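Chains, contacts and geometry: an overview
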Amino acid sequence: MVISVRNSVLPGLAWHRLGEYLHETQLLGSIQSTLYWDQNTTMPSESASWRAEQLSLLARHLHSRQSSDHFEELIAEAKVEFQQISQSGDLDERIVEERSRNLELLEEDLRRQKRLDPDLVSQIATSKAKGYNLWQQARARSDFGCFAPALRQLIVLRQEQAKQLSEPRSCWETLAQPFEPDLSIVRLKELFSPLRESLPELIEDVRSWKRIVRPLWDLDARSQKNLCNQLLKEWGRDTNVTCVATSPHPFSITLGPKDFRLTTRVVLGQPLSCFLATAHEWGHSLYEQGLPIQSHQWFAWPLGQATSMGVHESQSLFWENRIARSESFSERFWPFFAKEGAPLKCGLDLWHAMNPLIPGANRVEADELSYGLHILIRTELEIALLEGGLEVEALPGEWNSRYKSLLGVSPKNDSEGCLQDVHWSEGQFGYFPSYLLGHLISAQLAEAMNRSLKEMALEDEEPIEACIRDATDEKLLAWLRKEVHVHGRKMNAEDLVKRVTGSPLSSSAFLNYLKKKLERLNSTS
């Protein structure tokens, strides 16, 4: 039985009042998210200015609620009441721990919100909506100059936001905290330096392989969507609580306790793009569905939120890369592709198509070998934009130069280059490292999962591969539900990894996994 905060049997009127307030704030937030969903899927382009006003108004109201003296009083009253009840022994140890962490997170979020000027919050919301619209236009025309003023304005506003927050961190680090709590540039370099050194070497090694030249092929939009539907069916999609649409940039979003949305896109000449994007976004959605948010109580409280975006990305990348790009999955799924017209004769044909190992200019279409370098470039550039004095006008040239240096490719135009991602158009500086952190976290969690599944009497040398081959993916999901999803914001990402795997986060598991996979691909090429 699911009990909402409105019907809570736990003692504490002040806690109940705080829960009511959080619930109403979450309702406003879900309305804002619904408008964002519409903006990215079905909204007419000419309504962008009106949508900007709507989002600005909502942002102002949300900030007012999240920074008000009344909210501060509710937290303080709930804290005093909680301390009294916990001392009386009326709450069990688990509830004491959860309530204590909820209060800690609420106070932390309140401090950040109270430091922000409401006018700045409104300006950022307006600039994000306008920036997104201009980014779409600039991308369609391959004209960075069309978007540059909006990007410049977003940088100025985010710099002011970091200044107002006045945390003992750099500007970029401050902006990264909502995505990756406790992350620092120093720690980021520790984790990413081995990748910056090893990935280009692995790419050069792959270039020396003698590979079979396989014919290029494509599938029409209907066939690609059929395959995506088949994938989601096999992975247990419940159509009563999920919705799938198309958007310029694939994403996943949760609009309510039983309202999980995701988008994908069909790219001509890229027959696997839609399929892999769907796998990726479904991984995000599975994580959201597994968080402790299945009642209004938890949906409104901090513990019902994701640990971090790095953990979020680890879940999407697990389903996209560890499963959908695996050899066992290709053996299992290639007949569906053949039925839709793909010129495949066996699972190996699909597996090699899933893992082309050819560096390109596009991040979303990149495979595991080159993906990390795409993120390193973006991370370095956004730090330079915010802290290093890189001028916005110089971004396209700097972008292209780094692509040539690290990946050996040159974008043909701005759309293929610095306009390909939506993130900066929404002022999401500090998000990109989460993608690469997700690769590292996913690999380390997968090692722990294999060890655990072996202990559950799965005798196969690679239990994950066995589950994929036998179409028992639910065993993998059950492990993630128990070990990862259930924790929410109880701890930060690195603490979660240490708890689940027994070791600090590092790049070793990912590099070992990648090298092993490359050896197998080379031996079957």
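In what follows, the accompanying structure is described. (Residues numbered from 1 in each chain as written. Predicted model: local features only at pLDDT ≥ 70, side-chain atom pairs only at ≥ 80, totals over all residues. Heavy atoms only, no water.)

Quick word on the side chain of His-249
Summarising the element assignment, His-249 is placed in the loop between β1 (242-246) and β2 (252-256). Judged by its relative accessible area of 8%, His-249 falls in the buried class. Non-local contacts of His-249, meaning those with residues more than four positions away in its chain, are made with Trp-135, Thr-263, Arg-265, Arg-363, Val-364, Gln-420, Asp-421, Val-422 and His-423. (Helix = DSSP H or I, 4+ residues; strand = E, 2+ residues; numbered from the N terminus. Buried < 20%, exposed > 50% of the residue type's maximum accessible area, 1.4 Å probe, protein only. Contact = heavy atoms within 4.5 Å.)

Some words on helix α14 (residues 347-354)
Think of an α-helix as turning once every 3.6 residues; residues three or four places apart then point the same way. Most of α14 sits inside the fold, with six of its eight residues counted as buried. Of all the positions in α14, only Gly-347, Asp-349, Leu-350, Trp-351, His-352 and Met-354 are classed as buried. Check the buried side of α14 and you find it contacts α10 (273-290), α12 (309-324), α13 (327-339) and α21 (508-523).

Comments concerning empty space enclosed by the protein
Following the criterion strictly, the structure yields three cavities of 30 Å³ or more and no others. Its volume calculated, the largest cavity comes out at about 80 Å³. As for the largest cavity, its lining consists of Leu-317, Asn-321, Arg-322, Glu-368, His-439, Ser-442, Ala-443, Ala-446, Phe-510 and Tyr-513. Going through the elements one at a time, α12, α17 (433-455) and α21 are the ones with two or more residues in the lining of the largest cavity. (1 Å grid on protein atoms, 1.4 Å probe; cavity = no way out; pocket = protein on both sides within 12 Å on 5 of 7 lines; lining within 4 Å. Points joined across faces, edges and corners; volume = space filled by probe spheres on them.)

Focus: the sheet that holds β1
Whether parallel or antiparallel, the strands of a sheet pair through hydrogen bonds between backbone atoms. Strand order in the open sheet made by the three strands is β1-β3-β2, with mixed pairing throughout. The open sheet has two edge strands, β1 and β2, and neither has a second partner. The sheet shows a mean angle of 25° between the axes of neighbouring strands, taken without regard to direction. The pairing of β2 with strand β3 (residues 259-264) spans four bridges and is antiparallel. (Pairing = 2+ DSSP bridges. Axes fitted to C-alpha atoms, helices over the stretch in contact; angles between N-to-C directions.)

Thoughts on the environment of Val-244
Counting through the fold element by element, Val-244 comes out in strand β1. We classify Val-244 as partly exposed; its relative accessible area is 31%. Along the primary structure Val-244 and Trp-282 are separated by 38 residues, whereas in three dimensions their C-alpha atoms are 9.7 Å apart. Those residues in contact with Val-244, other than ones at most four positions away along the chain, are Leu-232, Arg-237 and Leu-262.

Quick look at the packing of helix α2 (residues 48-67) against helix α4 (residues 93-114)
Between α2 and α4, whose axes approach to 8 Å, the crossing angle comes to 125°. By the angle between their directions, the pair α2 and α4 is classed as oblique. At the point where α2 passes α4, the crossing takes the left-handed sense. Contacts between α2 and α4 involve His-63, Gln-66 and Ser-67 from the former and Leu-110, Gln-113 and Lys-114 from the latter. In terms of residue class, the contact of α2 with α4 is built from one nonpolar, four polar and one charged. (Parallel < 35°, antiparallel > 145°, perpendicular 65-115°, else oblique. Left-handed = near helix turned anticlockwise from the far one by under 90°. Nonpolar A, V, L, I, M, F, W, Y, C, P; charged D, E, K, R; others polar.)

Read these as spatial facts, not as claims about activity.
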